[in-house]
Amino acid sequence: MTVLQERIATPRSSSSFWHAAWYRYKRNRLALVSGVIAVLILVVAALASVIAPFGYATQNLNESLTGPSLHHLLGTDQLGRDLLSRAIFGARTSMAIAIGAPLVGAIIGIPIGILSGWFGGVIDFIALRAFEVFTMVPQVLMALLLIALYGGGVLKLLLFLGITSWVGFGRLARAQYLTLRDRDFVLAAKAMGVPTWRIIIVHVLPSAVGPMIVFFVQQVPATIFAAAGFSFLGLGVQDPLADWGKMINDGEQYLSINLTVALTPIICIALATLAFSFAGDGLRDALDPTSR
Amino acid sequence: MIAYLAKRFLTLLLVMLVVTMLIFGLMHAVPGGPFDQTQQPLRGPALANITRKYGLDQPIWRQYLHWLWALLHGDLGIPFEQPTMSVTQLIRKAWPITLIVGGITIGISYVGGLIMGCIAALKHNTWLDWLLTSAVSTAGVALPNYVVGFLLISVFSVKLGWLPAGGWGQPEDLILPVIAFSLYPMALMARYTRASTLEVTYADYVRMGRARGLSERRITLRYILRTALIPLITIMGPNIPNILTGSIFIEATFALPGLGSYFTTASLHRDYPLILALVLIVAVLWGTCYILSDIAYTLVDPRVRLEGLSR
């Protein structure tokens, strides 16, 4: 009888948590609007080649640095490339990196954090020292060094920003598992003879995943910042690929001739970082109501 | 206390050793060297000569020991790109620029953030709170500093022509970089100040103070703020080295010849001695600030005891 009740109760209680979270998120109007914008940016990025009126590399030197017109809604850059199209394709590269890099960091960091938090002892000691070593050199500088040594490009940028972001995920996962491993439900699972790997993944992970999602979303604007920054320095995405940071770099020299060349990517970056930050904050408040 | 400090600094030293080893290994793991892609390719004997001069022909562990030995004698080597000066001289030339910008940034952003955070918390749930929290501090945290920099340049330099767009030399050159640079730490500070002040505002002892009929001013200054500001040390501390070593993006945006700009060029040119020196500076500052903020915390909050320290 009790077993039956538990079977029925478990899925309902876990789904009601996500329901409650969604309800809390919905009530936060700023977060809701930001979430919609963030999703919109992702959709635009995914459908770039369908939406964009021109190709990202289509040049027309006769029409370079024109202001906004009906033909080119935002005008053109120094090579006569349509700015709107480049901004749309720029969303594709920026979003690929902004989502991909934290994913790489999570894949490296979370298992390390889980192992160190769960098992403690020597593993924890080594992991803690590794955290210490890797926090000594700030992420941006470490990524810069890697890019300088191994070269830039979309994929490398994604990889390097990902590798250098693992510490945050590691620390978070460690803290989560450290507190969760002594809970009664874990003890109960152990007593019932559930294998350790199963406890770690099936029993504990659902309780730990909320903060991880929040952290992931909060990493997205930081990654947009860093990736566009490197492209702006001329170290990241290379011509003719479009990237917001690269576009600032292009527009920098023409500030006095045509401001929209630099202003377009700047507004794109601002919009994306703001949308993802507000959405991340809303998500934090929704998933972890005790944090505020 | 001394034993504790000694232990912390010893750990820092060990971590530094690992960090430099890691960077050293990383730099040498990539095929090619700093003299492979200069403007005029060097011929065989000349290349061999220059690699020998800098000890690049030796095994990597010997190069590392060599570098470490020189470091212990205060010698950071000679930058490959500017062989006329030593790394120490180069840093002595570049760092003051970064330090001036960073110092002013810290002053403005910490004080400004504190005031903004306090106002937002004391006016909790009013339009002022909303403006300061949502608009100013979230935007400050979210907007990349080079984006702010460019917006400032396009308004104040290009459109209005009031301030220089970049460069170094006159006092006016400082204004825009400092504004762009301080926005993030200021927003961060305001956010945390607000959160920690709010936490205290509704504490029992504050209500008790009110019940005793203390003036609102006294309650705010002596009861709320004194307690609320303590946790901020952990926020302020680790941010200081970040600001004092400069931002590579800010320095590129405003063409400042500071430490950050050298980090970029040194990485690009595989200028091993300069990269190592810069990483060393950043890492030492980081480690020291962490230790100092831990100590400061115990000094202002008597409830906190350092691990393994008995008084």
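Residues numbered from 1 in each chain as written. Chains lettered and ligands numbered in written order. Predicted model: local features only at pLDDT ≥ 70, side-chain atom pairs only at ≥ 80, totals over all residues.

Colleague: So what about the overall build of chain B? Which residues, and what values?
Modeller: Per the secondary structure count, chain B includes 13 helices and zero strands. The linear arrangement of helices and strands in chain B, starting from the amino end, is α-α-α-α-α-α-α-α-α-α-α-α-α. Counting over 311 residues, chain B shows a buried share of 36%. In chain B, once contacts between residues fewer than 6 apart in sequence are set aside, the share between residues at least 24 apart is 72%. (Helix = DSSP H or I, 4+ residues; strand = E, 2+ residues; numbered from the N terminus. Buried ≥ 20, exposed ≤ 12 C-beta atoms within 10 Å, placed from the backbone. Contact = placed C-beta atoms within 7 Å.)

Colleague: Requested: an account of the overall build of chain A, with residues and values cited.
Modeller: Scanning chain A for helices and strands turns up twelve helices and zero strands. Counting helices and strands in the order they occur from the N terminus, chain A gives α-α-α-α-α-α-α-α-α-α-α-α. The buried share of chain A, reckoned over its 292 residues, is 46%. Contacts in chain A between residues far apart in sequence, at least 24 positions, make up 71% of those at least 6 positions apart.

Colleague: Outline the interface of chain A and chain B, listing residues and values.
Modeller: Many authors give the size of an interface as the accessible area that is lost as the parts come together. Contact with chain A, which involves 32 residues of that partner, is made by 35 residues of chain B. Secondary structure elements with two or more residues in the side of chain A that touches chain B: α5 (121-136), α6 (139-150), α10 (196-232) and α12 (259-287) of chain A. Ranked by residues supplied to the side of chain A that touches chain B, first place goes to α12 of chain A with ten residues. In terms of residue class, the side of chain A that touches chain B is built from 27 nonpolar, four polar and one charged. (Nonpolar A, V, L, I, M, F, W, Y, C, P; charged D, E, K, R; others polar.)

Colleague: Please set out helix α4 (residues 87-122) of chain B residue by residue, giving values where relevant.
Modeller: Spacing of three or four residues puts side chains on the same side of an α-helix, whose turn is 3.6 residues. For α4 of chain B, spanning 36 residues, the distance from its first C-alpha to its last is 50 Å, which sits close to the expected 52 Å at 1.5 Å a residue. At A94 of chain B, α4 of chain B shows its largest bend, some 30°, and a proline, P96 of chain B, comes one to four positions later. (Expected span 1.5 Å × (residues − 1). Bend = angle between axes of the 7 residues up to and from the residue.)

Colleague: I'd like a rundown of the environment of G121 of chain A, residues and numbers included.
Modeller: Residue and element names in this part refer to chain A. Relative to the helices and strands, G121 resides in helix α5. C-beta crowding within 10 Å serves as the criterion here: with 8 such atoms nearby, G121 is assigned to the exposed category. Spatially, the C-alpha atoms of G121 and A101 are 30 Å apart, while their sequence positions differ by 20 residues.

Colleague: Please provide a residue-by-residue account of the nonpolar core, values included.
Modeller: Residues L157 of chain A together with L278 of chain B are the most contacted members of the largest nonpolar core, which totals 149 residues. Of all the elements, α10 of chain A adds the most residues to this core, at 17 residues. (Core = buried A, V, L, I, M, F, W, Y, C linked by C-beta atoms within 7 Å.)

Colleague: Please give an account of the packing of helix α7 (residues 172-201) of chain B against helix α10 (residues 232-244) of chain B that cites residues and values.
Modeller: Residue and element names in this part refer to chain B. Running from N to C, α7 and α10 point in directions that differ by 170°, and their axes come no closer than 10 Å. On the basis of their axis angle, the class for α7 and α10 is roughly antiparallel. Along the contact surface, α7 presents P185, L188, M189, Y192, T193 and S196, while α10 presents L232, I235, N239 and I243. Taken together, the residues that form the contact of α7 with α10 break down as seven nonpolar, three polar and no charged. (Axes fitted to C-alpha atoms, helices over the stretch in contact; angles between N-to-C directions. Parallel < 35°, antiparallel > 145°, perpendicular 65-115°, else oblique.)

Colleague: Requested: an account of the environment of D129 of chain B, with residues and values cited.
Modeller: All names here are of chain B. Inspection of the secondary structure assignment puts D129 in helix α5 (residues 127-142). Along the backbone, D129 and R194 are 65 residues apart, and their C-alpha atoms lie at a distance of 9.2 Å. Apart from the residues lying within four places of it in its own chain, the contact partners of D129 are A120, K123 and H124.

Colleague: Summarise helix α3 (residues 60-72) of chain B; cite the residues concerned and give the values.
Modeller: With 13 residues, α3 of chain B should cover 18 Å at 1.5 Å per step; its first-to-last C-alpha distance of 18 Å lies within 8% of that length. At the exit of α3 of chain B stands G74 of chain B, carrying a positive phi of roughly 75°.

Colleague: Lay out the confidence of the model for chain A in plain terms, naming residues and giving numbers.
Modeller: Summarising the model, chain A shows a mean pLDDT of 81, and 88% of its residues fall at 70 or more. Note on residues 1-12 of chain A: pLDDT is under 50 here. Beyond four places in sequence and across chains, it has zero contacts. (pLDDT = per-residue confidence, 0-100.)

Colleague: Could you give an account of the confidence of the model for chain B, naming the residues involved and the relevant values?
Modeller: Confidence along chain B averages 78 in pLDDT terms, with 90% of residues attaining 70 or more. Two summary scores accompany this predicted model of the complex, namely pTM at 0.79 and ipTM at 0.76.

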